[in-house]
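Coordinates in review
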Amino acid sequence: MESLYLLVPLSAAVVLMIIGVFGWAVGGGQFDELEAEGARILLPDEAPLDAGQAPGIGPS
């Protein structure tokens with residue numbers, strides 16, 4: 001019974017934290033244009049602007 005004095009406030013704090021993180025993600029635009037992000041993987045990669053920007057090429 002004494003563990004409820006710890007578990008109830010702890011679970012309420014976790015729920016409030018989850019709601020806060022979800023609100024932060026919604027406010028930051030994390031869930032905008034979900035269909036566009038799903039189709040983005042099907043599009044070809046953009047070419048690098050010059051040879052120095054290609055992966056694995058350039059000064060080490």
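Cut-offs used in this document
- Residues numbered from 1 in each chain as written.
- Predicted model: local features only at pLDDT ≥ 70, side-chain atom pairs only at ≥ 80, totals over all residues.
- Heavy atoms only, no water.
- Helix = DSSP H or I, 4+ residues; strand = E, 2+ residues; numbered from the N terminus.
- Buried < 20%, exposed > 50% of the residue type's maximum accessible area, 1.4 Å probe, protein only.
- Patch = residues over 30% accessible without salt bridge, like charges linked within 9 Å, V, L, I, M, F, W, Y side chains within 5 Å.
- Areas by Shrake-Rupley, 256 points an atom, 1.4 Å probe, with all protein chains shown as cover.
- Salt bridge = Lys/Arg side-chain N within 4 Å of Asp/Glu carboxyl O.
- Phe/Tyr/Trp six-rings, centres within 6.5 Å; stacked < 30°, edge-to-face > 60°.
- Expected span 1.5 Å × (residues − 1).

Before going further, it helps to examine the overall build of the protein chain. Each helix and strand in the protein chain was counted, giving two helices and zero strands. In the protein chain, which comprises 60 residues, the share counted as buried stands at 3%.

Attention shifts here to a nonpolar patch on the surface. Residues Leu6, Leu7, Leu10, Val14, Met17, Ile18, Val21 and Trp24 make up a contiguous nonpolar surface patch of about 870 Å² in total accessible area. Tracing the sequence through the fold places leucine 10 in helix H1 (residues 4-27).

On inspection of all chains with the given rule, the structure shows one aromatic pair. Here phenylalanine 22 and phenylalanine 31 contribute two aromatic rings whose centre-to-centre distance is 5.8 Å and whose plane-to-plane angle is 40°, an arrangement assigned as tilted. You can call phenylalanine 22 exposed: its relative accessible area is 51%. Judged by its relative accessible area of 43%, phenylalanine 31 is partly exposed.

Here we come to unusual backbone geometry. Non-glycine residue glutamate 33 carries a positive phi angle of around 50°. Mapped onto the elements, glutamate 33 comes out in the loop between H1 and helix H2 (34-40).

The next subject is H1. Taking 1.5 Å per residue as the helical rise, H1 with its 24 residues ought to reach 34 Å, and the 34 Å between its terminal C-alpha atoms agrees with that figure. Glycine 29 sits one or two residues past H1 and shows a positive phi near 85°.

Geometric values such as these leave the question of function open.
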